[in-house]
Every structure is written in structure tokens, then in C-alpha cells.
Amino acid sequence: MGGGSKPLGHLTDVEAAITSGVPGLHLVGLPDAALNEARDRVRAAIFNSGEDWPNRHVTVSLFPASLPKRGSIFDLSIAIALLAAAEAVPPKACAGLVMIGELGLDGRIRAIPGVLPAVVAAANAGYTSVVVPQANSAEAELVPDLKVIAAASLRSLLCHLRDEPPPVEEDDDAPPLRPAPDSADRRSGLDLSDVRGQAEARRALEISAAGGHHLFFSGPPGCGKTMLAERLPTLLPPLEPDAALEVTAIHSVAGTLPPGQPLITRSPFCAPHHTATRAAMVGGGAGRVIQPGAASLAHRGILFLDEAPEYMGGVLDALRQPLEEGEVRIARSEGTACFPARFTLVLAANPCPCAAAKEVDCSCAPAIRRRYLARISGPLLDRIDLKLELHPATRAELRYDLEFAESSDVVAERVLTARDRTAKRLAETPWRSNAEIPGPELRRRFTPPPEAMRAADDALMRGTLSARGLDRVLRVAWTIADLAGRDQPSEDDVGGALALWTGRRP
Ligand SMILES: Nc1ncnc2c1ncn2[C@@H]1O[C@H](COP(=O)(O)OP(=O)(O)OP(=O)(O)O)[C@@H](O)[C@H]1O
Ligand SMILES: [Mg+2]
Ligand SMILES: [Zn+2]
């Protein structure tokens, strides 16, 4: 599992045949070394479940729909196909059954990553029942109109297929999944009212949350860049049901579903460290198993890159393709894997590597300062809608502004209202937020009236605004209008969007 385009899962047909010939199990269809290990696991599991190993020439053929995949997911179907061919289980009981699971040598069925997309693929292909590891059953039950058979062991599954009473089971000791990346749920202690002053930055967060626009905070250490960015998730509404399934499917593949929380309903917040490799950022990995990267784990949520210039060469620019296309494609000799990656990018950076609190204390030569921020490339900056240079809150703000600081709930309410306006306007389109509207559509169907476009026209003429920049300005202008409850962007809305796009480039 884990490869392919749009739906993350694929079906594989597994057939077993017993023929005359040298006794043994022959696996056909997958050259993966993992499948040879599967043979050993299947043999041990069958033996340890008290079943007879058919002492015949058995051929099990797998017809994979696509690569890459991990072999262990087929253990269960191989074992059952084998036993059905040997007439140890009634073939009728397993006809049309989709089976997903890895076998332990003792016959236990172990939890595996990627169950949700696999089950979605089964349902889409018209199957009505699916066998999954018991530890993954909550995930599988998210898919409507599908009978989920949760199996803890090969033994108990065989009893089920034979219509026998279930055996007494031991506890499943499947390895715990890796912890989930920070999600909005776990950060619920944060609130925008913790931030004093910084009116422009709070406004930029609100615009970003309402329209899904990318954001760049620069400014001296301690001015609150990290603090502000971490509060963006508190402004976002819960995920729509279909988005929740998409997000959960990715985290299922990555093995990052929070235990006991099968459906992710909040926008993910993913903040990979600046030592992250290219593979950790956009996906990849050794051999056939391709893992989604931070860009996909942040799908329909936020990808926060703190201290952005510190990331290794090429890692930031690897994000340009997903930023354009909303998905990551990873080419391998076996085929191309494709993971959704539609995220809001949030960057934070100090203006220089010495990170002096005050500009007067900075010991960096001007050329070094310039080079430092230039590590965030022009083409990447071009794709950032909202660029803001922060200054530390004044002492007066820090002391007195607390009572004026709006809470996340109040801002989130405005964000939700604005998103509803956007959704109504985009009702007949596949897009949900202003950030998603493709450039040509934007220019054809969502052009503000000419009199609102004056500032943007000027900037285009002066060359301070690129064509790509214009699209971004228009999208943000629509979001500003949606937040204000206007039917169309005004001249001020376009002007405000333009100022945010230009930023004050340090
Ligand atoms: N506007 C503010 N309101 C309240 N607290 C603030 C504000 N600005 C800064 N602080 C305090 O300063 C601390 C440092 O802020 P933060 O870590 O967000 O700064 P930063 O800009 O990310 O700095 P660095 O560049 O060093 O990472 C915060 O934890 C907070 O306690
Ligand atoms: Mg910081
Ligand atoms: Zn410096």
C-alpha cells in the first residue's frame, strides 16, 4: 500500500492453486524480498495456529495494481488463500473478502500502517466486507457501508470463516504506533490572547486562517514569531468530513495516527526541525517503502518552518512543487508515488545568523545578513502571500494591551464566517478556499472591478509585482473582502493585499 495517485490505497488479487509438483510455497507476482519473509511468517503462523501445512506444491499469485508496497500487508490474504486452496476453510466464506494484515510468527494479526486508505480502496471497488487487524478496526470502521471483521489472530479468523465459536484470545501486543505530530488538539492550551500588541501579525494570521494563505514572519529574536505561528491552528475550523478522511488516510499510511483517536478532525500542525532532510520534508525513503513527508502530514493544515534559513540546502525549494500542485510526486524506477500535500506554509526567520535582540548589537557584516535571508529563495518567497516584518511589542503594549487582546474563539468565529462566504461563492467549483483557486480561473471569473485594481496595476507597471504575485494578491484581496463581508474586493482590499504580498523585504 501507500503508492499510486489520488486514492492512497490499491487492491491486489491473491489467488492460490495446489498442483502436483515439489512440495513448497511459491509466491508469484512480487519480486520483493519482503515477500520471501512473508512465506516464512505465513508458514509459522499457520503451524502455530494448529493448522496443517498443505504438503503440496502451492502457488500463490498476487496481482498488484501498482507499486510500491510493503509485503507484510499481504500475509493474511496469502495464508487464507492457501488454506482455502487446501480446503481447510470453505472457499465460499472467503470469496469476495478483502483481507489486510501482517502475521506474527505465533499467528497473531499485527497492526499495520495504511489500513484506512486500503479499506477505502476496497469500498470504492465495490467490496462489502473487509478483514483488518483488530488494532486497526476503529480506523477501518470510519468507512461507511462496509462490514469490518476485526481479527486478532489467524486462529480467530479461521473460526469466524468456519462458523465456529471464537477461541479464547490473549491480549494483542502490537507495537505502538509512532506518536502523532503536534495537532491542534494537543495545543489547545494556546490562545491568541496570549499575544499582546502585534496587531498586524494577528491580522495576518486571521487572513491566513480565513483564506489558507502562506505566511512569512521575519523579525528579531524574542519578538513573538514562534508564539504567533503556533497559535494559527486555534483559528481554524474543524476539518470537513471528507478532508478529515483524507488527512486520516495519510497519517494512517505514515503510522502517525494518535492511539485511541482513529479520525483526525482538526487541521494538522506539522513543524519539522530545521535539520529535516528532503525526504523528511516531502516524502521518500529507502527501497520500495515510500513514506509521506512533513508536507503531506501537514495536508489540510499547517506546515510551520521555524528558523527557515537554517534548513539544509534544497529542502525549502523542494516545497515549490507541492505548493504549486497540492500534492507530492516521488518517482522511482517501479513507478510514481503520489501523496496529497495541500498545506498552508508558515515561515519564521531572524534577519541574521547572530540573532541579536537589537539591531545595534548585531555583529554580522551586511553581506552576511543579506545572504542569510537569501537562503529563502526568491521563487519560494514569490509563493508566500503574506510577508510581515515584526518588531518587538513595545513595553506599553506588553503592559496594557492584555485586556484588548482578542481570544482565539472570537477570531475563529470571524474566520468561519468568512470561510462560509468563500464556500458559497465557490459552491459550483471544486475549490473550498480562496488560496485554492487556480490562476486562470481567478483571472476569468473572480476579477475585482477595475477601479479596485489601481494599486495592483501600478505595481505591475513598475515591475514590483510579478504575474504570479498578482494572482496571490487577488486571492488575498478576496479573503480580506470575505472577512469584511463585502461581495467584492474594494480598492483598499486590493491595496492591503498588495502591501502584505510585497512585505518590507529585508
Ligand atoms: N507580543 C508578545 N506578547 C506576549 N509575550 C511575548 C510577546 N512577544 C514576545 N513574548 C514573549 O517572548 C517569548 C519569545 O517569543 P518567541 O519565542 O515567539 O520569539 P521568536 O520571535 O520566535 O524568537 P526567536 O527568533 O528567538 O525564535 C515568548 O515566549 C513570550 O513569552
Ligand atoms: Mg522562534
Ligand atoms: Zn547579526
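Up top is the structure.
So, here is what we can say about the structure in this document. Being a predicted model, the structure only gives us computed values, none of them experimental. (Residues numbered from 1 in each chain as written. Chains lettered and ligands numbered in written order. Predicted model: local features only at pLDDT ≥ 70, side-chain atom pairs only at ≥ 80, totals over all residues. Heavy atoms only, no water.)

Moving on: the pattern of salt bridges. For the structure on display, the rule yields 21 salt bridges. Arg 383 serves as the salt-bridge partner of Glu 324, at 2.9 Å between the closest nitrogen and oxygen. Taken as a pair, Glu 324 in helix H12 (residues 320–325) and Arg 383 in the loop between helix H14 (378–382) and strand E15 (386–389) lie far apart in primary sequence, 59 residues in all. Since its relative accessible area comes to 43%, Glu 324 is described here as partly exposed. Taking relative accessible area as the criterion, Arg 383 reaches 7% and is therefore assigned buried. A single salt-bridge network, built from bridges that share partners, covers Glu 51, Arg 155 and Arg 162. (Salt bridge = Lys/Arg side-chain N within 4 Å of Asp/Glu carboxyl O. Helix = DSSP H or I, 4+ residues; strand = E, 2+ residues; numbered from the N terminus. Buried < 20%, exposed > 50% of the residue type's maximum accessible area, 1.4 Å probe, protein only.)

With that settled, consider the packing of aromatic side chains. According to the stated counting rule, one finds 2 aromatic pairs in the structure shown. Centre to centre, the rings of Phe 269 and Phe 304 are 5.9 Å apart; their planes meet at 40°, and the pair counts as tilted. Of this pair, Phe 269 sits in strand E10 (residues 269–270) while Phe 304 sits in strand E11 (residues 302–305), and the two are 35 residues apart along the sequence. Of the two residues, Phe 269 and Phe 304, neither departs from the other in class, the shared state being buried. A ring pair is formed by Phe 446 and Trp 478, whose centres lie 6.0 Å apart and whose planes are at 85°; its orientation type is edge-to-face. Linking Phe 446 in the loop between helix H17 (439–445) and helix H18 (454–462) with Trp 478 in helix H19 (residues 467–484), this pair joins segments that are 32 residues apart in sequence. Each of the two residues, Phe 446 as well as Trp 478, counts as buried. When the ring centre of Trp 501 is taken as origin, the NZ or CZ atom of Lys 387, which lies over that ring, is 4.2 Å away. (Phe/Tyr/Trp six-rings, centres within 6.5 Å; stacked < 30°, edge-to-face > 60°. Lys NZ or Arg CZ within 6 Å of the ring centre and 35° of its normal.)

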